[in-house]
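Understanding the architecture of this molecule
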Amino acid sequence: MSRETMSPAEARAALESIGATRARIAAVGVCPPWRHAAFGAVMGLLILGLGFPLGVQVACLCVAMGLMVVIVVHDRQRYGMFINGYRKGATRPVTALLLVAMMALMFVQIRLREQGADDWAPFAVAGAAFLVAVAGSVLWSRAFRREMGL
Amino acid sequence: MIPITLDAQLHAPARLQIATVLANTQSAEFSRLREITGVSDSVLSKHLSALVEAGYVRLTKSALDGRQRTWASFTRPGRKAFAAHMRGLQALVASAEQAIAAE
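All of the points below concern the structure found in this document.

The rules behind these values
- Residues numbered from 1 in each chain as written.
- Chains lettered and ligands numbered in written order.
- Predicted model: local features only at pLDDT ≥ 70, side-chain atom pairs only at ≥ 80, totals over all residues.
- Heavy atoms only, no water.
- Phe/Tyr/Trp six-rings, centres within 6.5 Å; stacked < 30°, edge-to-face > 60°.
- Helix = DSSP H or I, 4+ residues; strand = E, 2+ residues; numbered from the N terminus.
- Buried < 20%, exposed > 50% of the residue type's maximum accessible area, 1.4 Å probe, protein only.
- 1 Å grid on protein atoms, 1.4 Å probe; cavity = no way out; pocket = protein on both sides within 12 Å on 5 of 7 lines; lining within 4 Å.
- Points joined across faces, edges and corners; volume = space filled by probe spheres on them.
- Nonpolar A, V, L, I, M, F, W, Y, C, P; charged D, E, K, R; others polar.
- Pairing = 2+ DSSP bridges.
- Contact = heavy atoms within 4.5 Å.
- Axes fitted to C-alpha atoms, helices over the stretch in contact; angles between N-to-C directions.
- Core = buried A, V, L, I, M, F, W, Y, C linked by side-chain atoms within 4.5 Å.
- Expected span 1.5 Å × (residues − 1).
- Patch = residues over 30% accessible without salt bridge, like charges linked within 9 Å, V, L, I, M, F, W, Y side chains within 5 Å.
- Areas by Shrake-Rupley, 256 points an atom, 1.4 Å probe, with all protein chains shown as cover.
- Salt bridge = Lys/Arg side-chain N within 4 Å of Asp/Glu carboxyl O.
- Lys, Arg positive; Asp, Glu negative; His and termini not counted.
- Charge placed at Lys NZ, Arg CZ, Asp CG, Glu CD.
- Arc of directions from axis to C-beta.

**Observations regarding the packing of aromatic side chains**
Tallying each qualifying case throughout the model produces 3 aromatic pairs over all chains. Both rings, one in tryptophan 140 of chain A and one in phenylalanine 144 of chain A, keep their centres 5.6 Å apart while their planes meet at 10 degrees; by these two values the pair is stacked. With tryptophan 140 of chain A and phenylalanine 144 of chain A both in helix H5 (residues 121-147) and 4 residues apart, this pair spans about one turn of that helix. Here phenylalanine 74 of chain B and phenylalanine 82 of chain B contribute two aromatic rings whose centre-to-centre distance is 6.2 Å and whose plane-to-plane angle is 45 degrees, an arrangement assigned as tilted. Residue class for phenylalanine 74 of chain B comes out buried when judged on its relative accessible area of 5%.

**Observations concerning the layout of surface pockets**
Estimated volume of the largest pocket: approximately 990 Å³. In terms of lining residues, the largest pocket is bounded by 40 residues, among which Arg35, Phe39, Met68, Gly85 and Tyr86 of chain A are the most central. Among the secondary structure elements, those contributing two or more residues to the lining of the largest pocket are helix H2 (33-49), helix H3 (54-79), strand S2 (81-82), helix H4 (92-114) and H5 of chain A. The dominant element in the lining of the largest pocket, judged by the number of residues it contributes, is H3 of chain A, at 10 residues. Of the residues contributing to the lining of the largest pocket, the split by class is 28 nonpolar, 9 polar and 3 charged. Space inside the second largest pocket adds up to approximately 710 Å³. Along the wall of the second largest pocket there are 20 residues; nearest its centre are Arg87 and Lys88 of chain A together with Ala23, Asn24 and Arg79 of chain B. Sorting the residues of the lining of the second largest pocket by element identifies helix H1 (8-28) of chain A together with helix H1 (13-24) and helix H4 (76-102) of chain B as the ones contributing at least two each. Per-element tally for the lining of the second largest pocket: the top contributor is H4 of chain B, with 6 residues. Among the residues making up the lining of the second largest pocket, the classes are represented as 7 nonpolar, 5 polar and 8 charged.

**Notes on the sheet that holds strand S2 (residues 27-29) of chain B**
Sheet architecture is open: 4 strands sit in the order S2(A)-S2(B)-S4(B)-S3(B), paired in antiparallel fashion. Every other strand in the sheet has two partners, leaving S2 of chain A together with strand S3 (57-64) of chain B as the edge strands with one partner each. Inspection of the sheet shows S2 of chain A paired to S2 of chain B by 2 bridges, in the antiparallel sense. Across the sheet, the residue bridging to methionine 81 of chain A is alanine 28 of chain B, located in S2 of chain B. Lying on the sheet, helix H2 (residues 30-37) of chain B is in contact with S2 of chain A together with S2 and strand S4 (67-74) of chain B; it crosses S2 of chain B at an angle near 80 degrees.

**Quick notes on the nonpolar core**
Ranked by size, the top nonpolar core spans 38 residues in total, and within it Leu33, Leu48, Val57 and Phe82 of chain B carry the most contacts. At the level of elements, H1 and H5 of chain A together with H1, H2, helix H3 (41-53), S4 and H4 of chain B are the ones that each hand at least two residues to this core. Setting aside residues up to four positions removed in sequence, phenylalanine 82 of chain B forms contacts with Ile18 of chain A together with Leu10, Leu16, Ala19, Thr20, Ala23 and Phe74 of chain B. Among the nonpolar cores identified, the runner-up in size contains 13 residues, and Ala38, Ile47, Leu98 and Ala133 of chain A belong to it.

**Here's the deal with H2 of chain A**
Residue and element names in this part refer to chain A. The first and last C-alpha atoms of H2 sit 24 Å apart over 17 residues, in line with the 24 Å expected at 1.5 Å per residue. Residues Arg35, His36, Ala38, Phe39, Gly40, Val42, Met43, Gly44, Ile47, Leu48 and Gly49 constitute the buried set of H2. Of the surrounding elements, those touching the buried residues of H2 are H3, H4 and H5.

**So, a positive patch on the surface**
Residues Lys88 and Arg92 of chain A together with Arg76, Arg79 and Lys80 of chain B make up a contiguous surface patch of positive charge. It is H4 of chain B that provides the largest number of residues to the positive patch, a total of 3 residues. Along the chain, the position of arginine 76 of chain B falls in helix H4.

**Focus: H3 of chain B**
All names here are of chain B. Taking 1.5 Å per residue, 13 residues should reach 18 Å; H3 reaches 18 Å between its end C-alpha atoms and fits that length. Where H3 is concerned, the buried positions are Leu44, His47, Leu48, Ala50 and Leu51. Mapping the buried residues of H3 onto a view down its axis gives an arc of 155 degrees, with all of them on the same face. Turned more than 90 degrees from where H3 packs its buried face, Lys46 and Glu53 sit exposed.

Right, dumping it as structure tokens:
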């Protein structure tokens, strides 16, 4: 690896350039409301399926995965960048909280199914998963933009 | 001027911009990098080739909208080199500020 020297003024200018580039990444990556809703729909579908017999579970899983592929392809087309949801940084606590919340809702859904809960129960839990996932997606985006300096 | 070791591969402004994008994303498409850096296709290609040669960047091709697109991503050494370069820049600025405060 070659090395180079630099004056403090040049170093400051380089850091400012890095800051400006990060702000551009954040500006490019602003998600429209429907994008948060689409993510919520994927998570809601995954949780909904768990409240039903295996055939419905598999169908929900397939539809959710298909929707996820559509979202990823759309993101790559629209933004020209792919940002991993599990990336290090300010977004990771949000990702961890979202995962914990989803695991808890999965557990609740499975328990309700095993206990033979009312017909509306799986939809209520899936609705909660949708709302939690949308909120998580919005918070994740905010944390990312804040980290990028916007 | 305060002597400090920095990575020459990341010194050029356009390369620093490319590295900043790749450090904050998993991968970025060629046209997006061109838009952010504001350089021509050929200049961007040269910078990316230099970063690939240094082992910092990996290029892959994938179809999007029926066209082949080039995607760039950082390798592990590239990510580490950028982090070290950032620390070097921050240390340089901090030492200059300390020197001013001490006067």
